[in-house]
Amino acid sequence: MRKRVIPVLLVEDEGLVKTINFRDSAYLGDPINAVRLYNDMEVDELIILDISATKENNGPNFEMLHSVVNECFMPLGYGGGISTIDDIKKLFKIGIEKVIINHSVLSNNIDFIKEAISMFGSQSIVISVDINKNFFRKYVLYDYILDENLKTDIKQYLENIAKLNIGELFVNFVYNDGMMKGYDIDAIKNLFQNISIPLVVCGGAGSLDDIKQVLDNGVDAAAAGSLFVYKGKQKGVMINYPTQSELNILLGEYKYEW
Amino acid sequence: MILVIDAKIGNIGSIVNILKRLGVEVLVSDDPNDILKANKIILPGVGSFDYGMEHLKKMGFIQPINEAVAKGKYLLGICLGMQMLLEQSEEGKLKGLGLIPGNVIRFTFRDTSIKVPHMGWNYVKFSKNKINQKLDKNRFYFVHSYFVRTEEKYILGKTKYADNIFTSAINKGNVFGMQFHPEKSHKFGKQILENFVGLK
């Protein structure tokens with residue numbers, strides 16, 4: 001099985017945007033167009049995060065997601081504004097593969113997560129964790145709703161989350177968001193040694209070599225935002241993704257014999 | 001006409017989408033009586049075993065499915081839909097449909113760096129030539145923590161994950177099962193569904 005390479009699309013009030021360090025969202029266009037292009041390019045998987053839903057007290061935009069799923073023949077993970085079992089049921093019915101729930105809303109919703117897991121099976125529930133660096137350059141959890149670094153012990157928190165029997169952990173590095181200077185490999189090696197569930201990491205990818213590097217360091221899937229929506233030094237907006245040949249060279253071909 | 005069973009257990013949206021793209025007449029229904037109208041039935045499913053079986057039972061699908069299969073109609077179970085074709089699962093307490101002998105167990109690996117669920121794109125080595133036309137080199141999307149075990153004669157395809165070569169597709173007569181998600185597997189998924197739809 002080859003490791004996955006996943007574009008992450010951020011949606012804010014129905015528009016496709018890109019942030020830097022989780023701020024200054026720049027409008028890029030219509031998300032449906034982007035999804036259509038990624039589908040044509042046969043991406044391994046796609047993640048869509050609605051970064052305004054929870055803040056604005058909205059649930060998921062089911063209508064938009066229905067249009068998105070119609071363009072997709074690959075797995076879709078969705079996060080943003082998910083707060084009820086009914087939300088999750090609707091998302092699965094539309095055709096979303098995995099629902100992504102942010103750690104910032106977790107403490108009030110542990111029971112809801114556990115109920116979701118027992119109903120829907122663990123493989124389709126993903127928790128996303130946002131990691132930042134504080135003033136003392138120590139790794140901390142970042143709450144995007146409060147726009148605050150938290151004092152929680154990160155390693156312990158991650159281990160507790162993994163014990164919830166969820167399908168996957170999606171980790172976002174806030175300080176690398178939009179920077180395109182590489183993933184923080186040291187942080188990845190340091191923080192995720194004891195995680196036994198699939199791990200997807202996002203934040204910092206600036207090239208396909210970065211993708212290869214992070215996958216060579218124990219991560220199960222490499223996710224990226226800027227890398228797959230910008231092209232060239234001028235950062236022109238262009239939806240892009242490596243071809244299967246490029247991925248074969250980068251990560252090796254699929255094994256057809258055993 | 002293909003009936004996609006909507007037992008409120010998951011992702012019918014994508015399956016309907018892909019079937020429509022193949023130009024097939026599709027009916028989505030939560031009414032077991034509609035099984036009589038179809039000549040092929042698809043049972044999708046996402047969720048835990050008991051959740052799935054409870055819904056099938058509550059909505060009155062179990063007997064109509066069994067009768068349709070006995071009459072020779074083609075049935076395709078996808079993901080949880082495939083697991084429910086077996087007799088029982090470690091994941092739950094309820095009995096499965098029992099249309100194919102065997103059971104469902106959880107992935108366990110001594111090497112703790114091997115992650116469960118099995119999540120991602122993997123290759124299916126088909127052992128019977130039934131619905132694998134044009135799929136010599138393939139990859140399909142898998143996302144599951146449990147896998148089926150059945151008799152060799154019912155194995156349609158196998159997949160290797162770490163050191164575990166498990167059954168990823170099954171077939172007994174007119175009953176088929178796919179552990180992977182064809183509706184999420186790009187052109188490979190379209191091809192295998194086209195092959196299923198084309199069965200006479």
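Here the structure is shown first, and the text comes after it.
The notes below deal with the structure included here.

Conventions and cut-offs
- Residues numbered from 1 in each chain as written.
- Chains lettered and ligands numbered in written order.
- Predicted model: local features only at pLDDT ≥ 70, side-chain atom pairs only at ≥ 80, totals over all residues.
- Heavy atoms only, no water.
- Helix = DSSP H or I, 4+ residues; strand = E, 2+ residues; numbered from the N terminus.
- Rg over C-alpha atoms; globule rule 2.2 N^0.38 Å.
- Buried < 20%, exposed > 50% of the residue type's maximum accessible area, 1.4 Å probe, protein only.
- Contact = heavy atoms within 4.5 Å.
- Buried area = accessible area lost by both parts, 1.4 Å probe.
- Salt bridge = Lys/Arg side-chain N within 4 Å of Asp/Glu carboxyl O.
- Nonpolar A, V, L, I, M, F, W, Y, C, P; charged D, E, K, R; others polar.
- Arc of directions from axis to C-beta.
- Disulfide = S-S within 2.5 Å.
- Axes fitted to C-alpha atoms, helices over the stretch in contact; angles between N-to-C directions.
- Left-handed = near helix turned anticlockwise from the far one by under 90°.

## What to know about the overall build of chain A
The secondary structure content of chain A amounts to eight helices and 14 strands. Here the C-alpha radius of gyration of chain A, 17 Å, is about what a compact globule of 258 residues would show, namely 18 Å. Counting only C-alpha atoms and orienting by the principal axes, one finds that chain A spans roughly 45 × 45 × 45 Å. Here chain A holds 258 residues, and the buried ones make up 59% of them.

## Here we look at the interface of chain B and chain A
On the chain A side, the residues contacting the 46 residues of chain B number 46 residues. The junction of chain B with chain A conceals about 3,700 Å² of combined surface from both sides, 56% of it contributed by carbon and sulfur atoms. Considering only the side of chain B, the residues that lose the most area to chain A are K115, M119 and H186 of chain B, jointly responsible for 19% of the buried surface there. For the pair chain B and chain A, the interface holds six salt bridges. Elements represented by at least two residues in the side of chain B that touches chain A include exactly α1 (12–21), β7 (118–122), β9 (140–144), β11 (155–161) and α5 (186–197) of chain B. Broken down by element, the side of chain B that touches chain A gets its largest block of residues, six residues, from α1 of chain B. Here the side of chain B that touches chain A is built from residues that sort into 13 nonpolar, 18 polar and 15 charged.

## Brief notes about helix α7 (residues 208–215) of chain A
Residue and element names in this part refer to chain A. Of all the residues in α7, the buried ones are D210, I211, V214 and L215. Along α7, the residues classed as buried sweep out an arc of 130° about the axis, all on the same side. If you follow the buried residues of α7, they end up packed against β1 (4–12), α6 (185–191), β11 (199–202), β12 (221–224) and α8 (244–251).

## Looking at the state of the cysteines
In the structure shown here, the tally under the stated rule is zero disulfides over all chains. The thiol of C202 of chain A is unpaired, and the distance to the nearest cysteine sulfur, on C72 of chain A, comes to 17 Å. Summary of cysteine pairing: C79 of chain B is not part of a disulfide, and the nearest cysteine sulfur, belonging to C72 of chain A, is at 18 Å. Using a relative accessible area of 7% as the deciding quantity, one classes C79 of chain B as buried.

## A closer look at unusual backbone geometry
A negative phi angle characterises most non-glycine residues, just as the trans form characterises most peptide bonds. A cis amide bond, omega 10°, links V116 of chain B with the succeeding residue P117 of chain B. As for its placement among the helices and strands, P117 of chain B is situated in the loop between β6 (103–106) and β7. Phi is positive for E42 of chain A, close to 55°, though the residue is something other than glycine. Position of E42 of chain A relative to the elements: it lies in the loop between α1 (31–40) and β4 (46–50). Located in the positive-phi region is N57 of chain A, a residue other than glycine, with phi close to 60°.

## Description of the packing of helix α3 (residues 85–94) of chain A against helix α4 (residues 110–120) of chain A
Residues and elements named next belong to chain A. Across the interface, α3 lies against α4 with an axial gap of 10 Å and an inter-helix angle of 35°. The way α3 lies across α4 gives a crossing that is right-handed. Across the interface between the two elements, I85, I88, K89 and F92 from α3 touch F112, E115, A116, M119 and F120 from α4. Across the contact of α3 with α4, the residue classes tally to seven nonpolar, no polar and two charged.

## Things to note about the environment of V140 of chain A
All names here are of chain A. Structurally, the position occupied by V140 is in strand β8 (residues 139–143). Among the residues examined, V140 registers a relative accessible area of 6% and is labelled buried. Spatially, the C-alpha atoms of V140 and D153 are 7.5 Å apart, while their sequence positions differ by 13 residues. Ignoring anything within four residues of it in the chain, the contact list for V140 reads D130, I131, N132, K133, N134, N149, L150 and I154.

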